[in-house]
Amino acid sequence: MTTFITVGSICADVVSQATSRLAALLDRNRCGSGAQHLAFCPVPLGARARGGPSDTSLLAFTGMLESAAQATGMDHLGLMMAQVPQARDTGLLSNLLLHAPTVGQALEDMVRLFASVQTGTALALTTAGDSAELSYRILDPSVGRSLQDSAFTLGRIYRHLAGIAGPQLRLEHVAMAGAAPRNAHLYREFFQRPVCFDARVTTLRFSAAVLS
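All of these numbers come straight from a predicted model, not from anything done at the bench. Just so you know, the residues in each chain are numbered from 1, in the order the chain's sequence is written. Totals for whole chains, interfaces and linings use all residues, but because this is a predicted model, local features are given only for residues with pLDDT of at least 70 and pairs of side-chain atoms are given and counted only at 80 or more. Derived side-chain values reflect all non-hydrogen atoms in the structure, with water molecules and hydrogen atoms excluded from consideration.

With respect to the element layout, Asn183 can be found in the loop between β5 (171–175) and α7 (184–191). What makes Asn183 buried here is its relative accessible area of 16%. Discounting chain neighbours no more than four positions away, the residues touching Asn183 are Asp75 and His76. Elements are defined by DSSP. Helices are runs of H or I of four residues or more, strands are runs of E of two residues or more, and each kind is numbered from the N terminus. Using a 1.4 Å probe on the protein chains alone, a residue whose accessible area is under 20% of its type maximum counts as buried, one over 50% counts as exposed, and one in between counts as partly exposed. Any pair of residues with heavy atoms lying within 4.5 Å of one another is described as a contacting pair.

Only the contacting stretch of a helix is used when fitting its axis, a line to C-alpha atoms as for every element, and angles between N-to-C directions run 0 to 180 degrees. Between helix α2 (residues 58–72) and helix α6 (residues 147–165), the least distance of the axes is 8 Å, while the angle of their chain directions is 105°. Judged by the inter-axis angle, α2 sits roughly perpendicular to α6. Facing Phe61, Thr62, Leu65, Glu66 and Ala69 of α2, the residues of α6 in contact are Leu147, Gln148, Asp149 and Phe152. Any residue outside Ala, Val, Leu, Ile, Met, Phe, Trp, Tyr, Cys, Pro, Asp, Glu, Lys and Arg is labelled polar, Gly included; the first ten of those are nonpolar and the last four are charged. Classifying every residue of the contact of α2 with α6 by side-chain character gives five nonpolar, two polar and two charged. Oblique is the label for any angle not covered by the other classes, which are roughly parallel (under 35 degrees), roughly antiparallel (over 145) and roughly perpendicular (65 to 115).

Across six bridges, strand β4 (residues 131–138) lies against strand β7 (residues 202–207) in antiparallel orientation. Bridging from a neighbouring strand, Glu133 pairs with Arg205 of β7. Two elements, β5 and β7, share four bridges in a ladder whose sense is antiparallel. Following the sheet pairing, Leu171 is matched in β7 by Phe206. Here, strands pair whenever DSSP counts at least two bridges between them.

Glancing now at the sheet that holds strand β6 (residues 195–196). The pairing of strands in a sheet comes from backbone hydrogen bonds and takes either a parallel or an antiparallel form. In space, the five strands of this open sheet follow the order β3-β4-β7-β5-β6, with mixed pairing throughout. The strands lining the two open edges of the sheet, one partner per strand, are β3 (121–128) and β6. Sheet topology places β3 next to β4; eight bridges connect them, and they run antiparallel. Of the residues in β4, the one forming a bridge with Ala128 is Ser131.

Close inspection of predicted coordinates is inappropriate in any region flagged by low pLDDT. On average, residues of the protein chain score 78 in pLDDT, and 78% of them are at 70 or above. The predictor rates its confidence in each residue with pLDDT, a number between 0 and 100. Across the protein chain, element-level confidence peaks in β7 with a mean pLDDT of 94 and bottoms out in helix α4 (residues 92–99) with 67. Below a pLDDT of 50 lies the segment residues 33–53, which in the model reaches 44 contacts outside its immediate sequence neighbourhood of four places, other chains included.

Grouping buried Ala, Val, Leu, Ile, Met, Phe, Trp, Tyr and Cys residues that are joined through side-chain atoms within 4.5 Å yields what is termed a nonpolar core. Grouped together as the largest cluster of nonpolar side chains are 30 residues, with contacts concentrated most on Leu107, Leu169, Leu171, Phe191 and Phe206. Mapped onto this core, the elements with two or more residues apiece are α5 (103–113), β4, α6, β5, α7 and β7. For this core, the element with the most residues is α6, which contributes seven residues. Ala68, Leu77, Met80 and Phe152 belong to the second-largest nonpolar core, a separate cluster that totals 18 residues.

This brings us to the pattern of salt bridges. We count a salt bridge whenever a side-chain nitrogen from Lys or Arg sits within 4 Å of a carboxyl oxygen from Asp or Glu. On inspection of all chains with the given rule, the structure shows three salt bridges. Two residues, Asp109 and Arg112, come together in a salt bridge whose shortest N-O distance is 3.2 Å. Here the residue Asp109 and the residue Arg112 both occupy positions in helix α5, the gap between them amounting to three residues, near one helical turn. Given a relative accessible area of 57%, Arg112 falls into the exposed group. Close ionic contact of Arg205 with Glu133 constitutes a salt bridge, the shortest N to O distance being 2.9 Å. Of this pair, Arg205 sits in strand β7 while Glu133 sits in strand β4, placing them 72 residues apart in sequence. Owing to a relative accessible area of 29%, Arg205 belongs among the partly exposed residues under this scheme.

What follows is the structure in structure tokens.
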């Protein structure tokens, strides 16, 4: 019996925004005082997935981030990319959070529409008692290391949530599906919470009151 593996893809607009952040980040660090030369050879983004000619393989995208992190020695690269401001910071994530009537509605819409911009992954929102949990999981079996992609994806969502919810958003638990990096303290500083690594699923847990 033959088993067909569905390869994940990520839409060109998301890839473009991410690579723009990466380029801005590396340029900024090159110009910094005493910064080392941050040259790297990313995985080519020419591989196409079943999503169509405008899409890029999720494997190529995650490989690019991991390659850049290794070459530059910045094992918190995904988090740094999530923080880089961009003049045109639009798209599914930004628009839903800015225009939805509540945070909960924005996240529910984001979960429902996430597959339209990225396949081979799963975004989920669950509630239990007084807590809400947003989780991100890579389902594509071809993807190996993915800490940078997970940090970039959840880092962006957290940054947008913090921007609209303010002090009301206090994370209760943060988990990352990836080996603990050398600069784990930088993850703690970003999320303002200790981060558990080597988790099965990348997760942000916070008060369910934020949803309303």
